[in-house]
There are 2 protein chains.
Amino acid sequence: MKIVDIKTRTFKYKTNHVRDSEGHGHPGPEHDATQTLLTIVTDEGPAGYAFGVNPAIAEQIFKPALVGEDPFYREKLWQRLKHWQRIHRNLTDNVIGVADMALWDLAGRCFDQPVYKLLGGYRDKVLAYASTMCGDEEPGGLSSPDDYARFAEWCIQRGYKAIKLHTWMPPIAWAPDPKMDVKACAAVREAVGDDIPLMLDCYHYYSREQALYIGRELEKLNYYWFEEPMDEHSTSSYAWLAEQLDIPVVGPETAEGKMYTRAEWILRGAADILRGGVGDVGGITPLMKTVHLAESFGMAMEVHGGGGGNLQVLGAMGIPGEFYERGLLHPFIDYDEVEPWLHSKIDAMDDEGYVHLPQGPGLGYDINFDYIEENSVETGK
Amino acid sequence: MKIVDIKTRTFKYKTNHVRDSEGHGHPGPEHDATQTLLTIVTDEGPAGYAFGVNPAIAEQIFKPALVGEDPFYREKLWQRLKHWQRIHRNLTDNVIGVADMALWDLAGRCFDQPVYKLLGGYRDKVLAYASTMCGDEEPGGLSSPDDYARFAEWCIQRGYKAIKLHTWMPPIAWAPDPKMDVKACAAVREAVGDDIPLMLDCYHYYSREQALYIGRELEKLNYYWFEEPMDEHSTSSYAWLAEQLDIPVVGPETAEGKMYTRAEWILRGAADILRGGVGDVGGITPLMKTVHLAESFGMAMEVHGGGGGNLQVLGAMGIPGEFYERGLLHPFIDYDEVEPWLHSKIDAMDDEGYVHLPQGPGLGYDINFDYIEENSVETGK
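A quick note: this is a predicted structure, and the numbers were derived from the prediction, not measured.

Calculation rules
Once a new chain begins, its residue numbering starts again from 1 and follows that chain's sequence as written. Each chain gets a letter, beginning with A, and each ligand a number, beginning with 1, in the order they are written. Where totals are concerned, whole chains, interfaces and linings use all residues; where local detail is concerned, this predicted model gives features only for residues with pLDDT of at least 70, and gives and counts side-chain atom pairs only at 80 or more. Strands were regarded as paired on the criterion that DSSP finds at least two bridges between them. Helix and strand definitions here come from DSSP, where helices need a minimum of 4 consecutive H or I residues and strands a minimum of 2 consecutive E residues; each element is numbered from the N-terminal end. Throughout, a residue-residue contact means that the two C-beta atoms, derived from backbone geometry, are no farther apart than 7 Å. Orientation is described by lines fitted to C-alpha atoms, with helices fitted over the stretch in contact, and by angles between N-to-C directions that extend from 0 to 180 degrees. When the copies are superposed, the least-squares fit takes in the C-alpha atoms of residues with a pLDDT of at least 70 in both.

Student: Just to check I follow, could you spell out the sheet that holds strand β13 (residues 376–377) of chain A for this structure?
Tutor: Pairing between the strands of a sheet is mediated by backbone hydrogen bonds and can be parallel or antiparallel. All names here are of chain A. Pairing is antiparallel in the open sheet, where 4 strands are placed in the order β3-β2-β1-β13. Each end of this open sheet is capped by a strand with a single partner; those strands are β3 (47–51) and β13. Note that strand β1 (residues 3–19) and β13 share 2 bridges and pair antiparallel. Looking at β13, one finds that Phe11 is bridged to Ser376. Where helix α1 (residues 55–66) meets the sheet, it contacts β1 and β2 (25–42), and its direction lies at approximately 155° from that of β1.

If you want it as structure tokens, here you go:
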């Protein structure tokens, strides 16, 4: 089998997600947005699909890198795209990951198997945690510790067995504020009781001292983990923090460098629980490498972010990976609503808080090709 | 799909391989030997095969661990067999590896794909090195430095582009002898010229000082790597040796502990090139974990031993893994002769010294089921 073409299709949809001036998502007025489907076309019929690619990069990099190749040589093709990164500095791991996921999707579709069973399955369901949006200034949204507490109660009623707060960040005028973060965490603990695992992912540019203060307060509140309170490019800061805190420090998520960076974090003792997602490290191929690295050192690893790729890796992980990150959630947004370009939710959650591994082929997306066709837009590629 | 039965079939064949009193193989008089085929039977028809299992262990451990399970949950099943090891202390990684390889073989047969393309292929051929048997006292065999030199010349004519010597060991009365090891290495270097990579895997219980002496001589002879001259359970000895030598020290091979042990060797700087094979770490599943561990630290990893499982991993490895270990070879043995229970050699080598990844399904063994049936023997399981 050979790859004969790389196609992209950009299409419109309505959304009420907006971005603030620092890039964080919040609810807002409905407006048009676009999404792009990547298709890897083969000479024998089966195709592989993934969402979220830049059409120009698909045209300029994926085509010369992939066309003519056997799509089952995923390791070779991932290494090749990795080499391209030196020259095309805007070819991020996130973008490479879309190509890698489409190749895994293709393999699954060829054999009518979900990707996690090609990888070698470990489990067929994963406990989710409710992952909130960042704080805002919308009354009844996520504007106060009380708002977080009320929303946490709703999450528990919905079936979530664990909750992670993202708290207030700029451009909110008074944010960040370590004391407000702690107040929100305390209000949520008070609301849900002591048996629910709670996690915090706060402002990412606190000082060492601010991070240590928050961590100590989280320990008193029996929080389960503490995530990215400082710039992750300072490995030394994380080694300093993890050394002093009892609460597990989780990372890295944002720091570039794939599994290599994670190996160095292990060496430095910069995290208690390793972290990574398909979008962080460049797809399923390197995320499995990161999982295997963590396992070799007896370390847990928590998968960052949701979607089909991360879910399939969670199904194949022999070590925790305890949770699937479901969200981002907000009182004003119905996360369970199916995206218009899909026929069903990739990460539907049952009443016990479990997301079940999709049993459909590949990544598990049940794509509404009619919707995509009917709403496609021209791109300037 | 469910596993419904685990079968073993032990069968006779003629061989001229004999074992000395320390367990090393040599040529000898033809005699009967036995081999055992493991079969993982499913309710939907496809089966998975691997060779080299103990029938009693298959009956007592593999059956209760595997029957009733989905064979595509390889990670779950490997973790489960790993748990059994605490209780059944004779359940070695080597034995677990046979079950894991049969499960991978089954997946490949289900989808009519070689295992390396399920893993995600990287290459379709691998350079082999000629791996000699241990030294002996048979004139014209491997009884002297001159014998090694003559055999090395034959290996080069046969197409090998690299050679690894196993030298003299007990029960030979005068062995081990570091000076004789060096003489054999020098004779082979003299015979093949300076452009052929040469490696040494000598007596495994030398002292630190003896190992350092041999390593320094190998550096003068421009050897490519130095393997297991001391007991691998002493990680400190290997850290001591690797620190001083320029020639890459390769390991561990024999030390128990799967990818965990290899992680500690990396931390300690106990090897320059990591090592492992399916028989050492417990199958394809943990060997891929070891590969990914090595890659995360930018380290090369050389695969130990031959056969379908190791070959498939080499096809999927994105990092060197430069060589396939072909052998063990001896002037009196025709390694290219097909085993009677196969229709073709799993690791046929071309005239340029490459072993090509088998394109048949699963591990790539073309099994002669008629031979196995006709030569089967009762086992006392």
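Student: What's the story with the sheet that holds strand β3 (residues 47–51) of chain B in this structure? I'm lost.
Tutor: Residues and elements named next belong to chain B. Reading across from one edge, β3-β2-β1-β13 is the order of the 4 strands in this open sheet, with antiparallel pairing throughout. Lying at the two open borders of the sheet, with one neighbouring strand each, are β3 and β13 (376–377). Inspection of the sheet shows strand β2 (residues 25–42) paired to β3 by 5 bridges, in the antiparallel sense. The residue bridging Ile40 from the neighbouring strand is Gly48, located in β3. Packed onto the sheet, helix α1 (residues 55–66) meets β1 (3–19) and β2 and runs at close to 155° relative to β1. In the packing of helix α3 (residues 93–111) onto the sheet, contacts are made with β2 and β3, and the angle to β3 comes to roughly 140°.

Student: What am I meant to see in the relation of the copies chain A and chain B here?
Tutor: The pair of chain copies shares a relation made of a rotation about an axis and a shift along it. You can overlay chain A on chain B at an RMSD of 0.0 Å; the transform is a turn of 180° with a shift of 0.0 Å along its axis. When the rotation and shift are considered jointly, the pair of chain copies conforms to a two-fold rotation axis. Of every C-alpha in chain A, the one belonging to Leu293(A) sits nearest the axis of rotation, 2.4 Å from it. Comparing contact sets, 100% of the residues at the interface of chain A also lie at the interface in chain B, consistent with an isologous, same-surface contact.

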